[in-house]
Amino acid sequence: MFLFDPLLIKWLIDSALPKKDLHLLLLAAAGFFGLYVCRLGFSALAGLLSFRTVQELVFRIRLNILERMNRLSADYHETTPVGEKLYRIEQDVDQVAELGSSLVPSVLQTAFNTIFVVGTMFVLDFRLMCVLLPLMPVFFFFRKYFENRLRRASDLAQQQSSCESSFLQEHLGSVVQVQLLHQERSQIEIFLERASTRVKALTDRNLVETLFRTCYMADISLGTIAILGYGGYRVFGGALTVGGLGAFYSYLARLFDPLHAAVDIYSRFNRLSTSIRRITEVIEMIPSVPERATAVQFESPVRGHVELKDVSFSYTNESNVLESLNLRVEAGEKVALVGVSGSGKSTVAKLIARLYDVNQGVVRIDGTDVRDLRLESLRTRICYLMQEAVLFDRTLKENLLLGKPSATTDELNRAIELAGLGGLLHRLPKGWDARIGPRGNALSGGERQRLALARAILQNPSLLLLDESTSALDAPSERKVFANLARHFSHQTIVFISHRISTLKWVDRIVVLNRGAIEEQGAHDDLISSGGLYAYLHNTLATTTDGQGLPLSPEYFQIRRSHL
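Going along each chain's sequence as written, the residues are numbered from 1 onward. In view of the model being predicted, local features appear only for residues whose pLDDT reaches at least 70, and side-chain atom pairs are presented and counted only at 80 or more, with totals across whole chains, interfaces and linings using the full set of residues. To obtain the side-chain values, all non-hydrogen atoms of the structure were used and water was disregarded.

Some details on the sheet that holds strand S2 (residues 322–329)
Consideration 1: In spatial order, the strands read S2-S1-S4-S5; together these 4 strands make up an open sheet with antiparallel pairing. Looking at strand neighbours, the two that pair on one side only are S2 and strand S5 (368–369), the edges of this open sheet.
Consideration 2: Criterion used throughout: strands pair if DSSP finds at least two bridges between them. Each helix corresponds to a stretch of at least 4 residues labelled H or I by DSSP, and each strand to a stretch of at least 2 residues labelled E; elements are numbered beginning at the N terminus. Relative to S5, strand S4 (residues 360–365) runs antiparallel, the two sharing 2 bridges. Of the residues in S5, the one forming a bridge with Ile 365 is Thr 368.

Structure (structure tokens):
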């Protein structure tokens, strides 16, 4: 609607005012009022539609990213900071939605306004319009000159903002530990360093955008001077009316308004393209543990027979964590994996649960390569419980029901009893409905592990992998929990991983790992009598108070040489 204002002003100056006709003046006023009302109505309608579009766009993009992140493999989640993932879901999506939702209407409006204004200016005075044409290539020259600079500045600003967000996410989740280490000042210094780097990147981006706008304004100023000078000369000669010059000058401003909008759109597009690239990086990322198109469901019932044949694996391209490992676990067998830290115990469990895929060899369950099984079917029948109990800021009952949403009250009570959590249930004021806080922080370390174990019991898996999942319990409590599990899962396969060897003497077989290979295996008494690595670890740990694995010492190698 604002495009008709200059024409109405031209008619007012050239026709209505010279005639001194009050009716024409009132008609002009009514025309301006009508244009204002229409402009206001269209603006309000556009604002409402834009807001709704933004919210819909934010919802859909965030949902797509979250679904994709849920499908990405463990290597991505273990190497990517939470703050980085959160920044992509929140900040990048907000920028794409807010800028992108108005970008298309702005482009269309700019294109329409430019065509209308240029056409009207040609009709008003062809010669004046020809004066402006040489200035157009100057504008596009500036756009080309600043293109790469704007993109690099936008990329760097986004990257530094993401780094700061990742640091804050990590710090705020570890404030208590920072206090215990008395490292508040060093953390503040690190934050100041990252914040200043982010501010510098934002300042550099703003500087490039400001220089671009300055060059553009200089182009506009040259056009204004040329129009006023040459247009005034044509008014003196009678070739152009005063109203025509006023209308042309108004259209000049409206011609450069689209150009100014184009500059703004261009700057916004560079920011938008950076966020789009960061979002598409996640959406187009291929999981390192893909599900084959020919993958099948587990055949029922699952017996829990496990075989690792000639398995080699490394987390990076450097040395292997496992080297040509061969291991068989019979259905229903209770097996313990022991060894010093870094010997590959947890890696074996992660490969069985298919959090990672082997580099060489094969992992089979009931004779089927785990890569030929649907992930949903595999994860339904296998439960891998890690040392750090992962709980959610929900009620005690809701956390348990994640293991089996249809569990009855009797099943919940049975799981609580087996995990030794009966005292906790009575201690909590609201019982089942008590919230346990973020990551279960309202509970002790042992209670968190017991609750995670009770949830695993509700899953009733055919194969249970316990990776230091009872490390926060004292030895007697751990032995009792293990005994409960052995009775409850008498026909299921259980693999225990623990540095506390004294609680695992009862298992069917103990497998001793050393540097990614099986050093020895057998029953507890047989391994003790052989005087190998297991005997060394057992005798050494018996004298320690922390129960943790120790690095191999020269004494061990002397024992091994005498044994061999």
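After that view, the rundown keeps rolling.
Considering the packing of helix H15 (residues 445–459) against helix H16 (residues 475–488)
Consideration 1: In contact at an axis separation of 12 Å, H15 and H16 are set at 5° when each is read in the N-to-C sense. Put simply, H15 runs roughly parallel to H16. Contacts between H15 and H16 involve Arg 450, Leu 453 and Ile 457 on the former and, on the latter, Ser 477, Val 481, Leu 485 and His 488.
Consideration 2: Following the grouping adopted for this structure description, the nonpolar residues are Ala, Val, Leu, Ile, Met, Phe, Trp, Tyr, Cys and Pro, the charged ones are Asp, Glu, Lys and Arg, and the polar ones are all others, Gly among them. Taken together, the residues of the contact of H15 with H16 sort by class into 4 nonpolar, 2 polar and 1 charged. Inter-axis angles, ranging from 0 to 180 degrees, are taken between N-to-C directions of lines fitted to C-alpha atoms, where helices are fitted over the stretch in contact. Each angle gets one of four labels, with under 35 degrees taken as roughly parallel, over 145 as roughly antiparallel, 65 to 115 as roughly perpendicular, and the rest as oblique. Contact between two residues is taken to exist if any of their heavy atoms lie within 4.5 Å; hydrogens are not considered.

Thoughts on the packing of aromatic side chains
Consideration 1: In summary, the pairing rule links any two rings of Phe, Tyr or Trp, Trp by its six-membered ring, whose centres are within 6.5 Å, and it sorts them by plane angle into stacked for under 30 degrees, edge-to-face for over 60 and tilted for everything else. Under the defined criterion, the tally for this structure stands at 6 aromatic pairs.
Consideration 2: On the basis of an interplanar angle of 85° and a centroid distance of 4.8 Å, the ring pair of Phe 313 and Tyr 315 is categorised as edge-to-face.
Consideration 3: A connected cluster of aromatic rings, assembled from ring pairs, spans Phe 313, Tyr 315 and Tyr 356.
Consideration 4: For a lysine, the NZ atom is tested; for an arginine, the CZ atom; a charge sits over a ring if that atom is within 6 Å of the ring centre and within 35 degrees of the ring normal. Sitting over the face of the ring of Tyr 145, Arg 149 holds its NZ or CZ atom 4.1 Å from the ring centroid.
Consideration 5: When the ring centre of Phe 392 is taken as origin, the NZ or CZ atom of Arg 394, which lies over that ring, is 5.3 Å away.

Looking at the packing of helix H13 (residues 409–419) against H16
Consideration 1: Closest axis-to-axis distance for the H13/H16 pair is 8 Å, and the angle between their directions is 135°. The orientation of H13 with respect to H16, classified from their angle, is oblique. The residues of H16 that touch H13, namely those facing Arg 414, Glu 417, Leu 418 and Ala 419, are Val 481, Asn 484 and His 488.
Consideration 2: Of the residues belonging to the contact of H13 with H16, the class tally is 3 nonpolar, 2 polar and 2 charged.

Details of the environment of Phe 139
Consideration 1: Looking at the secondary structure, you find Phe 139 in helix H6 (residues 135–172).
Consideration 2: Taking the C-alpha atoms as reference points, Phe 139 and Phe 212, 73 residues apart in sequence, are found 9.8 Å from one another.

Comments concerning helix H10 (residues 345–352)
Consideration 1: Most of H10 is tucked away: 7 of the 8 residues are buried.
Consideration 2: Three or more residues of H10 are buried, namely Lys 345, Thr 347, Val 348, Ala 349, Lys 350, Leu 351 and Ile 352.
Consideration 3: Arg 354, located one to two residues past H10, shows a positive phi value of around 55°. Summary of the burial criterion: residues with accessible area below 20% of their type's maximum are buried, those above 50% are exposed, and those between are partly exposed, where the area comes from a 1.4 Å probe applied to protein chains only.

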